[in-house]
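Results of the structural survey
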Amino acid sequence: MRIGVITFPGSLDDVDAARAVRLAGGEPVALWHADHDLKDVDAVVLPGGFSYGDYLRAGAIAARAPLMQDVVDRARQGLPVLGICNGFQVLCEAGLLPGALTRNSHLHFRNRDQALRVERDDTAWTDSYDAGQRIVIPVKNGEGRYVGSPQELDRLEGEGRVVVRYVEGNPNGSLRDIAGVTSENGRVVGLMPHPEHAVEDLTGPSTDGLGFFTSVLKAAVSA
Amino acid sequence: MVVDVVLKPEISDPQGQAVLGALGRLGHDGVRSVRQGKHFVLEVVGTPDEAELKQIAETLLANPVIEDVELHLPSE
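Just so you know, these numbers come straight off a predicted model, no measurement behind them.

Cut-offs applied
- Residues numbered from 1 in each chain as written.
- Chains lettered and ligands numbered in written order.
- Predicted model: local features only at pLDDT ≥ 70, side-chain atom pairs only at ≥ 80, totals over all residues.
- Heavy atoms only, no water.
- Phe/Tyr/Trp six-rings, centres within 6.5 Å; stacked < 30°, edge-to-face > 60°.
- Helix = DSSP H or I, 4+ residues; strand = E, 2+ residues; numbered from the N terminus.
- Buried < 20%, exposed > 50% of the residue type's maximum accessible area, 1.4 Å probe, protein only.
- Pairing = 2+ DSSP bridges.
- Contact = heavy atoms within 4.5 Å.
- Buried area = accessible area lost by both parts, 1.4 Å probe.
- Salt bridge = Lys/Arg side-chain N within 4 Å of Asp/Glu carboxyl O.
- Polar contact = N/O pair within 3.5 Å; in protein donor to acceptor, adjacent residues only side chain to side chain.
- Axes fitted to C-alpha atoms, helices over the stretch in contact; angles between N-to-C directions.

All names here are of chain A. Inspection of every chain in the model, using the stated rule, returns 2 aromatic pairs over all chains. Plain terms: the ring middles of Phe 88 and Tyr 146 are 6.0 Å apart, the flat faces sit at 10° to each other, and that makes the pair stacked. Residue Phe 88 is found in helix H3 (residues 86–93), and its partner Tyr 146 is found in strand S8 (residues 145–147); the two are separated by 58 residues along the sequence. Both residues of the pair, Phe 88 and Tyr 146, count as buried.

What follows is the structure, encoded as structure tokens:
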């Protein structure tokens, strides 16, 4: 199973994301933002970092990169796509996910281990979890405050589009404690916390993040 | 063309609030609120295409989910 990991100028966590894919049993494939080549991958991960230095808005310029046009086209046909942190910002800017990520309400960069509740266990990226399950993975962001109009948030919650929620403390002021959302078809998922940093006991607070990467191996097979 | 981008009124602006707090500490009690935005100055070749400039402003310079744009064309 080939899982692409896109590197943009300023990506930081592409190597960790590729490592998480490998530990989950997949084959990581390095993808370059300026190519028009998805290299026949079965799913794509957009990693964390500060693509284009967060200039204009976080993720805004990366969302217009050449490869992102291919990602958007294929995602609309069902290709599983996971956006982590900056990758989540890119997916919102690209219009694949609703809402937007803005400056943390307290204006501080927040870096800590974060408890989450998995709300959806039937997306391409969360099938290995149980709904209601509590997981702990790192969060680290300065612009992670999820926002949308009240009507939009009502609609998203009504459609079950919230995938993970912050519990035991909201690190950035995200509305309704939303940490991650999914597309209508459950194939595209974005979240601010970092599952790829919680895949080994040696380096993470848990191995709770591995489930995102094992989930997609099943999802890609069934696609 | 000049494009001003500001957060929509319903989106909270913690940076503007921090500026407001600093103003209060400096004794400027008369300022009731601060909203921070972005200001873009675009120089174009030839006659500006108003529709194209509008598209640039609304699809790249601003994120319509959270921001409003104000366009100021050279003719104004």
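Residue and element names in this part refer to chain A. Along strand S9 (residues 162–166), 5 of the 5 residues are buried, which leaves the element largely enclosed by surrounding structure. As judged from the 3 bridges shared by S9 and strand S10 (residues 178–182), these two strands associate in the antiparallel manner. Bridging across to S10, Arg 165 finds its partner in Ile 178.

To continue, consider the interface of chain A and chain B. On the side of chain B, 15 residues touch chain A, which itself brings 14 residues to the contact. For the pairing of chain A and chain B, the buried interface totals around 1,200 Å² over both sides, and the portion due to carbon and sulfur atoms is 63%. On inspection of chain A and its partner chain B, the count reaches 1 salt bridge. Between Glu67(B) and Arg57(A) there is a salt bridge, and its shortest N-O distance comes to 3.7 Å. Counting every contact that joins chain A to chain B gives 6 residue pairs in polar contact (both at pLDDT 80 or more).

Right, let's talk about the sheet that holds S10(A) for a bit. All names here are of chain A. The 9 strands lie next to each other as S2-S1-S3-S4-S11-S10-S9-S6-S7, forming an open sheet whose pairing is mixed. Of all strands in the sheet, those with a lone pairing partner are strand S2 (27–32) and strand S7 (134–141), marking the two edges. Across the sheet, the axes of successive neighbouring strands diverge by a mean angle of 25°, strand direction being ignored. Sheet topology places strand S6 (residues 110–118) next to S9; 3 bridges connect them, and they run antiparallel.

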